[in-house]
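Each chain, letter by letter, is given below.
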Amino acid sequence: MADHPLSHRTETVRDARRPPRAAPAIEFAGVHKWYGAFHVLRDIRLAVHPGERVVVCGPSGSGKSTLIRCVNRLEEHQKGAIRVHGVELSASSREIDRVRREVGMVFQQFNLFPHLTVLQNCALAPVWAEGVKRREAEDRAHALLAKVKIADQAHKYPSELSGGQQQRVAIARALCMNPKIMLFDEPTSALDPEMVKEVLDTMTALASEGMTMIVVTHEMGFARRVADKVVFMDNGEVVEAGDPEEFFTAPRHERARQFLSRLLH
Ligand SMILES: Nc1ncnc2c1ncn2[C@@H]1O[C@H](COP(=O)(O)OP(=O)(O)OP(=O)(O)O)[C@@H](O)[C@H]1O
Ligand SMILES: [Mg+2]
């Protein structure tokens, strides 16, 4: 079939229309990871392009957190390569520092410093890791707190905020480092249902500004609205990766079908 004149012509036309693409923001090339004898990531091949929004879903224990934690080297892979903006992650601490400055991360449990105010939480890393003057870091923090719609909470402590507000502080804090990529690990799953929307709205706004994002979430409405690509993981493997509408209406693999039907019921 490959030599059929028509199929050949179709390929050529499609190639000609395809816009040239920059190097991937993140690339997993045959990545494996083990925890002791346990094979947690199995031959992961995945590219996330600049400005792309990728949602990762899959059963508990399938390796989703491990996958994104490898991007900023909170976890180390043992085989294959991970490249961030074309630079391969290695053991070099200078490189790891640089990648961590480029890659912001938001966790399920907000991980704010309880003894610091919201403003201090946000200004801390720019001052200590980037050498920004305190005043400048606080101005930046105020601007980002306004952006996530909690400007009025700047002088409170985390324990005085709702879960949704704390998570928006965590997002603002990550943005204070001017990251080029944002990773989210189930950012809404510790929240009461009425607070989920405010956090998803913040993430949707970020996506609409062109931020490159990997979001581990089971918020399928968000995935449908915002994602360019859905990645379904099971048992340490990327089982399926593709268009959200196709994934939700006609998943190709039985494991994905089972997962989606469990999620709906
Ligand atoms: N530090 C660790 N040492 C040993 N095993 C680990 C470690 N962290 C995770 N695991 C195991 O690796 C597997 C994948 O964990 P991971 O946290 O990546 O899954 P997940 O898909 O994020 O799950 P969940 O949806 O529950 O958050 C699990 O079986 C887990 O028990
Ligand atoms: Mg997880």
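Think of each chain on its own: its residues are numbered from 1, step by step along the sequence as written. Working convention: letters from A go to chains and numbers from 1 go to ligands, in the order in which they are written. Where local features are concerned, this predicted model is filtered to residues with pLDDT of at least 70; where side-chain atom pairs are given and counted, the filter is 80 or more; whole-chain, interface and lining totals use all residues. Side-chain numbers come from the whole structure's heavy atoms, not from hydrogens or water.

1. Let's talk about the UniProt feature "domain: ABC transporter" (unreviewed entry) in the protein chain
UniProt positions are given in the numbering used here, feature names are shortened, and annotations may be inferred rather than shown by experiment. This chain's UniProt record puts "domain: ABC transporter" (unreviewed entry) on residues 26–260. Between the C-alpha atoms that bound residues 26–260 there is a distance of 27 Å. The span itself is 40% helix and 26% strand. Think of it this way: any DSSP run of H or I at least four residues long counts as a helix, any run of E at least two long counts as a strand, and we number them from the N terminus.

2. Considering helix 3 (residues 93–102)
Helical geometry: 3.6 residues make up each α-helical turn, so side chains three or four residues apart lie on a common side. For helix 3, every residue scored as buried is listed here: Ile96, Val99 and Glu102. Relative to the axis of helix 3, the buried residues are bounded by an arc of 125° and lie together on one face. When the buried face of helix 3 is taken as reference, the exposed residues oriented beyond 90 degrees from it are Ser93 and Arg94. Only heavy atoms enter the contact rule, under which two residues are in contact if any of them lie within 4.5 Å. Turning to helix 3, the residues buried within the fold contact helix 2 (64–71), strand 4 (79–84), strand 6 (103–106) and strand 7 (181–185). Classification of residues uses two cut-offs on accessible area relative to the type maximum, computed with a 1.4 Å probe and protein chains only: under 20% is buried, over 50% is exposed, and between them is partly exposed. This arc corresponds to the set of directions leading from the helix axis out to the C-beta atoms.

3. Thoughts on the sheet that holds strand 6
Spatial ordering of the open sheet is given by 6-7-8-3-9-10, a layout of six strands whose pairing is mixed. Of all strands in the sheet, those with a lone pairing partner are strand 6 and strand 10 (237–242), marking the two edges. The mean angle between the axes of side-by-side strands here comes to 15°, regardless of whether they run parallel or antiparallel. Any two strands between which DSSP finds at least two bridges are classified as paired. Of the strand pairs in this sheet, strand 6 and strand 7 are connected by four bridges, and their pairing is parallel. Axis geometry follows a simple rule: fit a line to the C-alpha atoms, using only the stretch in contact for helices, then measure angles between N-to-C directions, giving values from 0 to 180 degrees.

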